[in-house]
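Commentary on secondary and tertiary structure
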Protein chains: 2
Amino acid sequence: MRLAELSARSGVPTATIKFYLREGLLPSGERISATQADYGGEHLHRLRLVRALIQVGRMPVATAREVLAAVDDTELDQHSRLGIAAWSLPGPAQGPNPGEEDDAATQTARQEIDGLLEHLGWEEFGPGTPAYETLLHAVATLIRLGYPCEAPHLRRLAQIAAQVAEADLDLLEGLPSEVEQVEASVALTVLYEPVLLSLRRLAQAEESARRFGG
Amino acid sequence: MRLAELSARSGVPTATIKFYLREGLLPSGERISATQADYGGEHLHRLRLVRALIQVGRMPVATAREVLAAVDDTELDQHSRLGIAAWSLPGPAQGPNPGEEDDAATQTARQEIDGLLEHLGWEEFGPGTPAYETLLHAVATLIRLGYPCEAPHLRRLAQIAAQVAEADLDLLEGLPSEVEQVEASVALTVLYEPVLLSLRRLAQAEESARRFGG
DNA sequence: AAGCATGGATAGCGTCACTATCCGACACAG
DNA sequence: CTGTGTCGGATAGTGACGCTATCCATGCTT
């Protein structure tokens with residue numbers, strides 16, 4: 001398959017594919033001649049994954065490059081590679097801008113979160129991980145706005161999140177090979193986020209209608 | 001309080017506040033003289049909300065303007081206003097780009113989702129709502145990539161989402177006034193998204209360590 | 001042999017969220 | 001009353017990002 005066909009089958013413009021090649025998101029095809037390259041089904045799949053990460057998962061191009069490089073890195077052990085999705089991602093929202101003050105709200109948030117993680121026994125993945133920083137920033141913002149964000153409510157949400165994680169890993173374990181599991185770990189982590197959030201919004205609308213009458 | 005103090009207290013640069021004023025995200029202060037304006041606590045609160053929506057919730061400026069306008073619109077009834085957060089938002093990820101083909105994957109996804117919504121009795125908020133479109137796009141992408149996305153798994157997630165929505169509305173009902181509830185509906189919908197996603201990632205890491213050994 | 005498509009390189013575009021600069025009008029100190 | 005500084009408002013510019021348009025030499029296709 002040549003570039004034009006890859007474009008046709010994926011729906012991605014050739015100029016964009018060239019851009020992804022240049023950026024190292026997509027390996028180049030096998031050179032047939034000086035002006036021709038051949039792409040296979042693997043390229044098509046990778047291209048769709050790239051698009052999904054960038055467009056659906058809103059992942060920056062640079063991040064996608066790092067994540068995909070890690071996915072391809074056979075030097076790493078399975079456990080590290082499976083964790084990459086959860087680590088390399090700015091995902092939902094970045095942490096505080098560099099130099100943002102460590103104000104009262106942030107300190108309260110940190111206490112709340114550390115208490116929560118201790119309670120759950122999730123202390124292994126504490127400060128320093130992107131997810132922790134994102135959580136901290138979001139909770140601090142909630143506090144700064146004066147919205148309720150107490151321990152019991154956070155605990156309730158954390159337990160719900162644990163259910164989601166269980167469902168996620170049930171899916172992962174269903175996959176045959178390790179390579180597939182690693183790629184799936186990234187893809188499912190990122191792509192199920194909009195699914196989860198959309199379902200939450202639909203459920204909210206439904207529940208709101210039930211409670212406040214429609 | 002004058003612009004400079006508003007800036008100091010919120011941590012937002014004056015130039016940015018001026019930008020928000022210009023864009024209609026923040027009402028102008030009371031004019032003291034031709035070159036002076038006075039801002040109150042309400043302005044500080046609104047400014048923080050704007051920042052939160054844009055930076056934490058990643059909401060486009062134009063969307064934030066619409067959402068805030070609707071929040072302020074006292075002509076609307078409570079139920080409509082409470083729904084605004086769930087409706088006005090491109091939120092997690094946009095729907096398909098205009099002109100994206102209605103391919104096989106999309107059709108399968110639509111069937112899957114319609115079946116799910118029917119099963120749950122959530123048919124009131126079907127096609128046409130942003131959440132539905134986002135969900136459709138994400139599920140279609142998963143299918144296109146060959147990842148599992150079957151009815152039982154979606155149902156499981158939907159039930160979890162319903163738990164989140166319940167928790168959300170429990171929080172909302174705890175607020176005294178209707179005005180507060182409306183603003184909180186927007187703020188909590190948007191700001192709890194990164195909280196939920198971060199918790200999911202932490203839970204994933206934890207569960208992954210448990211299953212695959214760390 | 002003609003003509004067009006190909007892959008690669010380079011530079012440009014459109015959007016978005018700010019941000020830097022300038023300006024005339026005031027406030028306030030001396 | 002005068003000088004100095006700050007204010008709010010307007011306009012244009014910036015930097016990041018994700019593409020996208022153009023050009024070119026090559027060489028496949030007919």
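Residues numbered from 1 in each chain as written. Chains lettered and ligands numbered in written order. Predicted model: local features only at pLDDT ≥ 70, side-chain atom pairs only at ≥ 80, totals over all residues. Heavy atoms only, no water.

A word on the confidence of the model for chain A. Detailed reading of the predicted coordinates is not advisable wherever pLDDT falls low. Scored by pLDDT, chain A comes out at a mean of 89, with 92% of its residues at no less than 70. Taken element by element, the predicted model of chain A shows its lowest mean pLDDT in helix α5 (residues 78–87) of chain A (76) and its highest in helix α2 (residues 14–23) of chain A (96). (pLDDT = per-residue confidence, 0-100. Helix = DSSP H or I, 4+ residues; strand = E, 2+ residues; numbered from the N terminus.)

Here the focus is the environment of leucine 171 of chain A. Position of leucine 171 of chain A among the secondary structure elements: in helix α8 (residues 151–173). When the C-alpha positions of leucine 171 of chain A and alanine 184 of chain A are compared, they lie 9.1 Å apart, and in sequence the two are 13 residues distant. With sequence-adjacent residues up to four places away left out, leucine 171 of chain A is seen in contact with Leu188 and Tyr192 of chain A together with Pro148 and His153 of chain B. (Contact = heavy atoms within 4.5 Å.)

When the parts come together, some accessible area is lost, and that loss is often what is quoted as the size of the interface. All names here are of chain A. Considered domain by domain, chain A is made up of domain 1 (1–56) and domain 2 (76–212). Distance from the C-alpha centre of domain 1 to the C-alpha centre of domain 2: 32 Å. Counting residues at the interface gives five residues for domain 1 and six residues for domain 2. Between domain 1 and domain 2, roughly 470 Å² of surface is buried when both sides are summed, and carbon and sulfur atoms account for 79% of that area. On the domain 1 side of the interface with domain 2, the three residues burying the most area are Leu49, Leu53 and Val56, jointly 73% of the side's total. One can count zero salt bridges joining domain 1 with domain 2. Taken together, the links from domain 1 to domain 2 amount to one residue pair in polar contact (both at pLDDT 80 or more). Of the residues contributing to the side of domain 1 that touches domain 2, the split by class is four nonpolar, one polar and no charged. (Domains from an automatic or database assignment. Buried area = accessible area lost by both parts, 1.4 Å probe. Salt bridge = Lys/Arg side-chain N within 4 Å of Asp/Glu carboxyl O. Polar contact = N/O pair within 3.5 Å; in protein donor to acceptor, adjacent residues only side chain to side chain. Nonpolar A, V, L, I, M, F, W, Y, C, P; charged D, E, K, R; others polar.)

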